[in-house]
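Here is what each chain is made of, one letter per residue.
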Amino acid sequence: MLIIVICCLLILRWYVRRPMYKGKARIDGKTIVITGGNTGIGKETARELAKRGGKVVILCRNVVKGNVAAEEIQKETNSPVDVYEVDLTDLQSIRKCAEDLKETQPKIDILINNAEYGNLPLFTGVMMTPKLETKDGLEMQIGTNHFGHFLLTLLLLNNIKASPPSRIINVSSLAHE
């Protein structure tokens, strides 16, 4: 029985630890906008892209935590990191953030739609929530993880098109399996 448990744990560890990109490509002068860049996968992505010379723009619900993450990344990488407030559960907040970005970031080379914290402090992204709704009456999980990112992308599309070959990256997890 113990051998089966150990084998299962080793298989799980192998499955979770997928190959990691180890290249040395630089992205100097590129502007990267990332939702949820103040914690978790988003923060590590922001850190790595800043190390590679990118100008990182973190979009997050909690600007205080965002500024702490930005300072930490800037000290480590000597690359600029800006922070903007957005609540992906609130379409008005998304519109305001997009307007601010359109004014200050005429070109966006990469938009990373990383799962952002919803109204649940224990979750990255919103998954398996109790029955909740966004401020706009959408079911919380689809409103935050899908409609919020879709609206943000749509509103920033001209800025993204202004810097070809730009990219839109949607981060997901294997949790759906």
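With an unreviewed UniProt entry as reference, the protein chain is termed Retinol dehydrogenase 13, source organism Armadillidium nasatum.

Participant: What's the story with the overall build of the protein chain in this structure? I'm lost.
Facilitator: Along the backbone of the protein chain there are five helices and five strands. Expressed as a percentage of the 177 residues in the protein chain, the buried residues total 41%. Intrachain contacts of the protein chain at a sequence separation of at least 6 include 68% that bridge at least 24 residues.

Participant: Looking at this structure, I do not really get the nonpolar core. What am I missing?
Facilitator: Generally speaking, soluble globular proteins have nonpolar side chains that are buried together. Counting 17 residues, the largest nonpolar core has Val33, Leu59, Ile94, Leu101, Leu152 and Leu156 as the members making the most contacts within it. Elements represented by at least two residues in this core include exactly strand E2 (55–60), helix H4 (91–104) and helix H5 (140–161). With five residues, the top contributor of residues to this core is H4. Counting 15 residues, the second-largest nonpolar core is a separate cluster that includes Ile34, Leu49, Cys60 and Ile110.

Participant: Whenever I open this one, the pattern of salt bridges confuses me. Can you help?
Facilitator: When their charged atoms lie close together, side chains carrying opposite charge are able to pair. For the coordinates displayed, the defined rule picks out 11 salt bridges. For Arg26, the salt bridge is made with Asp28, and the minimal N-O distance between the two is 2.8 Å. Using a relative accessible area of 49% as the deciding quantity, one classes Arg26 as partly exposed. Through salt bridges with shared partners, one network takes in Lys43, Glu44, Arg47, Lys51, Glu72 and Glu76.

Participant: Please explain the packing of helix H2 (residues 40–51) against helix H3 (residues 63–77) as it appears in this structure.
Facilitator: Packed helix pairs are specified by the crossing angle of their axes together with the interaxial distance, meaning the distance between the axes. At their nearest, the axes of H2 and H3 sit 9 Å apart, and the two run at 30 degrees to each other. Between H2 and H3, the angle falls in the class roughly parallel. The interaxial crossing formed by H2 with H3 has right-handed handedness. Taking contact as the criterion, the partners of Lys43, Ala46, Arg47, Ala50 and Lys51 in H2 are, on H3, Ala69, Glu72, Ile73, Glu76 and Thr77. The residue inventory of the contact of H2 with H3, partitioned by class, reads four nonpolar, one polar and five charged.

Participant: In this structure, what is going on with unusual backbone geometry? I would like to understand it.
Facilitator: Excluding glycine, residues mostly have negative phi values, and the peptide bonds linking residues are mostly trans. For the bond running from Pro164 to Pro165, omega is 0 degrees, close enough to zero to count as cis. Relative to the elements of secondary structure, Pro165 occurs in the loop between H5 and strand E5 (167–170). A positive phi angle, near 60 degrees, is found at Asn78, a position not held by glycine. With respect to the element layout, Asn78 can be found in the loop between H3 and strand E3 (81–85). Residue Asn78 is classed as exposed on the basis of its relative accessible area, which comes to 73%.

Participant: Can you help me understand the confidence of the model for the protein chain in this one?
Facilitator: Detailed reading of predicted coordinates is not advised where the pLDDT is low. Taken as a whole, the protein chain shows an average pLDDT of 86; of its residues, 88% reach a score of 70 or greater. This model gives residues 117–124 a pLDDT under 50, and the stretch forms 18 contacts once residues within four places in sequence are excluded.

Participant: I keep staring at the layout of surface pockets and nothing clicks. Help me out?
Facilitator: By rolling a water-sized probe across the atoms, one finds the places where empty space is left. Considered as a void within the structure, the second largest pocket measures approximately 260 Å³ in volume. Lining the second largest pocket, in full, are Ile34, Ile41, Glu44, Thr45, Glu48, Leu49, Ile110, Ile112, Asn114, Ile169 and Val171. Sorting elements by how many residues they give to the lining of the second largest pocket places H2 first, with five residues. Considered class by class, the residues forming the lining of the second largest pocket number seven nonpolar, two polar and two charged.

Participant: What should I look at first to understand the packing of H4 against H5 in this one?
Facilitator: Direction vectors running N to C along H4 and H5 enclose 20 degrees, while the axes themselves pass 10 Å from each other. Judged on the interaxial angle alone, H5 and H4 are roughly parallel. Crossing of H4 over H5 shows right-handed handedness. When H4 is examined against H5, the residues Leu91, Ile94, Arg95, Ala98, Leu101 and Lys102 are found in contact with a partner set consisting of Gly148, Leu151, Leu152, Leu155, Leu156 and Asn159. Residues that form the contact of H4 with H5 fall into these classes: eight nonpolar, two polar and two charged.

Quick notes on the rules
- Residues numbered from 1 in each chain as written.
- Predicted model: local features only at pLDDT ≥ 70, side-chain atom pairs only at ≥ 80, totals over all residues.
- Heavy atoms only, no water.
- Helix = DSSP H or I, 4+ residues; strand = E, 2+ residues; numbered from the N terminus.
- Buried < 20%, exposed > 50% of the residue type's maximum accessible area, 1.4 Å probe, protein only.
- Contact = heavy atoms within 4.5 Å.
- Core = buried A, V, L, I, M, F, W, Y, C linked by side-chain atoms within 4.5 Å.
- Salt bridge = Lys/Arg side-chain N within 4 Å of Asp/Glu carboxyl O.
- Axes fitted to C-alpha atoms, helices over the stretch in contact; angles between N-to-C directions.
- Parallel < 35°, antiparallel > 145°, perpendicular 65-115°, else oblique.
- Left-handed = near helix turned anticlockwise from the far one by under 90°.
- Nonpolar A, V, L, I, M, F, W, Y, C, P; charged D, E, K, R; others polar.
- pLDDT = per-residue confidence, 0-100.
- 1 Å grid on protein atoms, 1.4 Å probe; cavity = no way out; pocket = protein on both sides within 12 Å on 5 of 7 lines; lining within 4 Å.
- Points joined across faces, edges and corners; volume = space filled by probe spheres on them.

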